[in-house]
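So you can see what is in the structure, the chains are spelled out below.
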Amino acid sequence: MSPLTSLFTDLVRVETRLWNAVDDRMRAAHGMTLGQYELMQVIQRRTTTRVYDIVSDVAITVGAASKAVDRLEAAGWCVRSANPLDRRSSLIALTPEGARLLAAATPTLEDELAARVEGVVEASELDQLAAVLAVLRASLEEHHRGRTASRETPGGRG
């Protein structure tokens, strides 16, 4: 196995195991999934949020984002309203209950992450890892934007 393949495998396994641990804790403590928490964070972070904004931030399909918002709405954690600038889309906002849940769940997420990561890796190593991952993420997102733009231009290939 090449070093890059090994790195890829380690990144995927770390993400999966960490996601599952945090997801289990969020379900037990708050009755929500980590995926729901992530979407609610996207909604809260923006002044206005459309499904497309979630797609862009989380890197999921429009269908997946729309269904996820449907589930948040059914739970009473968000509402959709007409978008005055584009009748084809709606604006999504957290309900007061959704905002309270997100605020209550944030310390749980942070506690679980700390329990799984702090003490395992030195703080300076975490800082370095965070910096490297930020560079890789930015590069991958730029590459994705370039591919998306080439599909949207006449004669573009994707």
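## Digging into the overall build of the protein
Across its full length, the protein carries six helices and two strands. Along the protein, from the amino end to the carboxyl end, the secondary structure elements read α-α-α-α-β-β-α-α. Taken over the C-alpha atoms alone, the protein extends approximately 50 × 50 × 25 Å along its principal axes. The contacts in the protein between residues at least 6 apart in sequence include a share of 43% that link residues at least 24 apart. Of the roughly 10800 Å² that the protein leaves accessible, carbon and sulfur atoms contribute 57%. Counting 19 positive and 21 negative side-chain charges, the protein places the averaged centre of each group 9 Å from the other.

## Here we look at a nonpolar patch on the surface
Together, Leu 4, Leu 7, Leu 11, Leu 129, Val 132, Leu 133, Leu 136 and Leu 140 give the surface a local cluster of nonpolar side chains, amounting to about 720 Å² of exposed area. Elements with a contribution of two residues or more to the nonpolar patch: α1 (3-30) and α6 (123-152). Element by element, the count of residues in the nonpolar patch is highest for α6, at five residues. For Leu 11, the location among the structural elements is in helix α1. Judged by its relative accessible area of 37%, Leu 11 is partly exposed.

## Quick word on the nonpolar core
Counting 24 residues, the largest nonpolar core has Met 26, Met 32, Tyr 37, Met 40, Ile 54, Leu 72 and Ile 92 as the members making the most contacts within it. Among the elements of the structure, α1, α2 (34-45), α3 (51-58), α4 (62-74), β2 (90-94) and α5 (96-117) are those that each provide at least two residues to this core. Per-element accounting of this core gives the leading share, six residues, to α2. Excluding anything up to four places from it in sequence, Met 40 contacts Met 32, Leu 72, Trp 77, Leu 94, Gly 98, Leu 101 and Leu 102.

## Section: α4
Compared with the 18 Å implied by 1.5 Å per residue over 13 residues, the 18 Å span of α4 between its first and last C-alpha is a close match. Listing the buried residues of α4 in full gives Ala 65, Ala 68, Val 69 and Leu 72. Looking down the long axis of α4, one finds its buried residues gathered within 100 degrees of arc, a one-sided arrangement. Turned more than 90 degrees from where α4 packs its buried face, Lys 67, Arg 71 and Ala 74 sit exposed.

## Quick notes on the packing of α3 against α4
It is at 9 Å that the axes of α3 and α4 come closest, and there the two elements cross at 115 degrees. Handedness of the α3/α4 crossing: right-handed. When α3 is examined against α4, the residues Val 51, Ile 54 and Val 55 are found in contact with a partner set consisting of Val 62, Ala 65, Ser 66 and Val 69. Of the residues assigned to the contact of α3 with α4, the class counts are six nonpolar, one polar and no charged.

## Some words on the side chain of Asp 53
Along the chain, Asp 53 turns up in helix α3. Among the polar contacts listed, one links the side chain of Asp 53 to the backbone nitrogen of Arg 50, at a separation of 2.7 Å. Setting aside chain neighbours within four positions, we find Asp 53 in contact with Arg 46 and Thr 48.

So, how was this worked out
- Residues numbered from 1 in each chain as written.
- Predicted model: local features only at pLDDT ≥ 70, side-chain atom pairs only at ≥ 80, totals over all residues.
- Heavy atoms only, no water.
- Helix = DSSP H or I, 4+ residues; strand = E, 2+ residues; numbered from the N terminus.
- Contact = heavy atoms within 4.5 Å.
- Areas by Shrake-Rupley, 256 points an atom, 1.4 Å probe, with all protein chains shown as cover.
- Lys, Arg positive; Asp, Glu negative; His and termini not counted.
- Charge placed at Lys NZ, Arg CZ, Asp CG, Glu CD.
- Patch = residues over 30% accessible without salt bridge, like charges linked within 9 Å, V, L, I, M, F, W, Y side chains within 5 Å.
- Salt bridge = Lys/Arg side-chain N within 4 Å of Asp/Glu carboxyl O.
- Buried < 20%, exposed > 50% of the residue type's maximum accessible area, 1.4 Å probe, protein only.
- Core = buried A, V, L, I, M, F, W, Y, C linked by side-chain atoms within 4.5 Å.
- Expected span 1.5 Å × (residues − 1).
- Arc of directions from axis to C-beta.
- Axes fitted to C-alpha atoms, helices over the stretch in contact; angles between N-to-C directions.
- Left-handed = near helix turned anticlockwise from the far one by under 90°.
- Nonpolar A, V, L, I, M, F, W, Y, C, P; charged D, E, K, R; others polar.
- Polar contact = N/O pair within 3.5 Å; in protein donor to acceptor, adjacent residues only side chain to side chain.

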